[in-house]
Amino acid sequence: MTSLFALYPSFGLVLTLLVYMVALWVNKKLNSSLANPLLIAVILMIALLVFTKTDVPTYQESAKFIGYLLTPATISLAIPIYKQRRILKENFSTIFTTVVVAMVVGLASIIFIAKIFNMDEVVLRSVLAKSVTTAIAIDVTEIIGGLTPIMVGSVVLTGIFGVVINEWVFKLLKIDSYFARGLGLGSSSHAMGTGESMKKNELQGAASSIAMVISGIIVAVIVPIIANWL
């Protein structure tokens, strides 16, 4: 398969789309939160690259066009915010307080766990921005001296984990409000959580979008300060 990457410059793009289509099919058949399409696609893609002995840089170069869509895809999440602007404006103090608390608790838990397990400082710097969208996390991680590959992995795992377990958590805590669910997913699982929220309800999607935006701003401001303190 490595030769196909070399022969066809966009082979990685086509392969990625095919793998994701398979993941969607599996998700539809199993109809389970554990069968998350993104999780399945990641597992399948890793298995294919390992089985064919294809190095990651080769795959990334062949599928780089997908990366170009990251920023516009993130920006498009502003659409539900505009549609639900009245409700969001009326509840902005609640939204802001919720997101600030979520970010502070999240960062504190990372540092606490890092101290317990004696985590290497570079690794710690690489996971501090794990709960915001990749577009922001990359810049923040580079500024504080973290490793981008570790950061990307932690962001993806955080997003997938939140999307997979969110329904169980909401049912356990008896959270029925679309507004509250959106804030929770947007604050913890960034764009992946927001995408999942969009499927449920427009208000949930809007709440998740604004939570993701605010959390990104907060992390961009306070993570460099925390990194200097560390």
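Residues numbered from 1 in each chain as written. Predicted model: local features only at pLDDT ≥ 70, side-chain atom pairs only at ≥ 80, totals over all residues. Heavy atoms only, no water.

A. Spotlight on the domain arrangement of the chain. By domain assignment, the chain separates into domain 1 (1-53) and domain 2 (70-229). Taking the mean C-alpha position of each, domain 1 and domain 2 sit 25 Å from one another. On the side of domain 2, six residues touch domain 1, which itself brings six residues to the contact. Both sides of the domain 1 and domain 2 interface together cover about 560 Å² of buried area, and 77% of this is carbon and sulfur. Interface area lost by domain 1 to domain 2 is led by Ser33, Asn36 and Leu38, which between them contribute 60%. Put simply, domain 1 and domain 2 have zero salt bridges between them. Summed over the shared surface of domain 1 and domain 2, the result is zero residue pairs in polar contact (both at pLDDT 80 or more). For the side of domain 1 that touches domain 2, a count of residues per class yields four nonpolar, two polar and no charged. (Domains from an automatic or database assignment. Contact = heavy atoms within 4.5 Å. Buried area = accessible area lost by both parts, 1.4 Å probe. Salt bridge = Lys/Arg side-chain N within 4 Å of Asp/Glu carboxyl O. Polar contact = N/O pair within 3.5 Å; in protein donor to acceptor, adjacent residues only side chain to side chain. Nonpolar A, V, L, I, M, F, W, Y, C, P; charged D, E, K, R; others polar.)

B. Here's a closer look at the UniProt feature "transmembrane region" (unreviewed entry) in the chain. UniProt marks residues 6-27, 34-53, 65-82, 94-117, 143-165 and 206-227 with the feature "transmembrane region" (unreviewed entry), using the numbering shown here. A helix fraction of 83% and a strand fraction of 0% characterise residues 65-82, whose end C-alpha atoms lie 28 Å from each other. (UniProt positions renumbered as here; feature names shortened; annotations may be inferred. Helix = DSSP H or I, 4+ residues; strand = E, 2+ residues; numbered from the N terminus.)

C. Up close: the environment of proline 149. Its location among the elements puts proline 149 in helix α12 (residues 148-172). Residues proline 149 and aspartate 139 lie 10 residues apart in sequence; the distance between their C-alpha atoms is 13 Å.

D. Main features of the nonpolar core. Membership of the largest hydrophobic core comes to 32 residues, with the highest contact counts inside it found for Leu88, Ile95, Val99, Leu128, Phe179 and Val223. Among the elements of the structure, α9 (92-116), α10 (121-127), α11 (134-144), α12, α13 (178-200) and α14 (202-229) are those that each provide at least two residues to this core. Sort the elements by how many residues they give to this core and α14 lands first, with 11 residues. If you look at the next biggest cluster of nonpolar residues, it comprises 12 residues, including Phe11, Val19, Ala41 and Met45. (Core = buried A, V, L, I, M, F, W, Y, C linked by side-chain atoms within 4.5 Å. Buried < 20%, exposed > 50% of the residue type's maximum accessible area, 1.4 Å probe, protein only.)

E. Region of the structure containing the pattern of salt bridges. Applying the stated criterion across every chain, the model contains seven salt bridges. A salt bridge links arginine 181 to glutamate 167; the shortest N-O distance between them is 3.5 Å. A residue pair is termed long-range when its members are at least 10 positions apart, and arginine 181 in helix α13 and glutamate 167 in helix α12 qualify at 14 residues. Across this residue pair, the class does not change: arginine 181 and glutamate 167 are buried. Between lysine 200 and glutamate 196 there is a salt bridge, and its shortest N-O distance comes to 3.8 Å. Of this pair, lysine 200 and glutamate 196 both sit in helix α13, four residues apart, which is roughly one turn of that helix. Taking the relative accessible area as the measure of exposure, lysine 200 reaches 39% and is therefore partly exposed. Beyond isolated ion pairs, a larger network of salt bridges with shared partners links Glu167, Arg181, Glu196, Lys199 and Lys200.

F. Summary view of the side chain of threonine 16. Position of threonine 16 among the secondary structure elements: in helix α2 (residues 11-30). Sequence-distant contacts of threonine 16, defined by excluding residues within four places in its chain, comprise Met45, Tyr59, Ala63 and Ile66.

G. Seen up close, the layout of surface pockets. For the largest pocket, the calculated volume is near 1900 Å³. Around the largest pocket sit 45 residues that line it, and Leu38, Val42, Ile66, Val156 and Met192 are the ones nearest its centre. When residues of the lining of the largest pocket are traced back to their parent elements, those giving at least two are α2, α3 (37-51), α4 (56-62), α5 (64-68), α6 (70-75), α11, α12 and α13. Looking at the lining of the largest pocket element by element, the count peaks at 10 residues for α12. Residues that form the lining of the largest pocket fall into these classes: 30 nonpolar, 12 polar and three charged. (1 Å grid on protein atoms, 1.4 Å probe; cavity = no way out; pocket = protein on both sides within 12 Å on 5 of 7 lines; lining within 4 Å. Points joined across faces, edges and corners; volume = space filled by probe spheres on them.)

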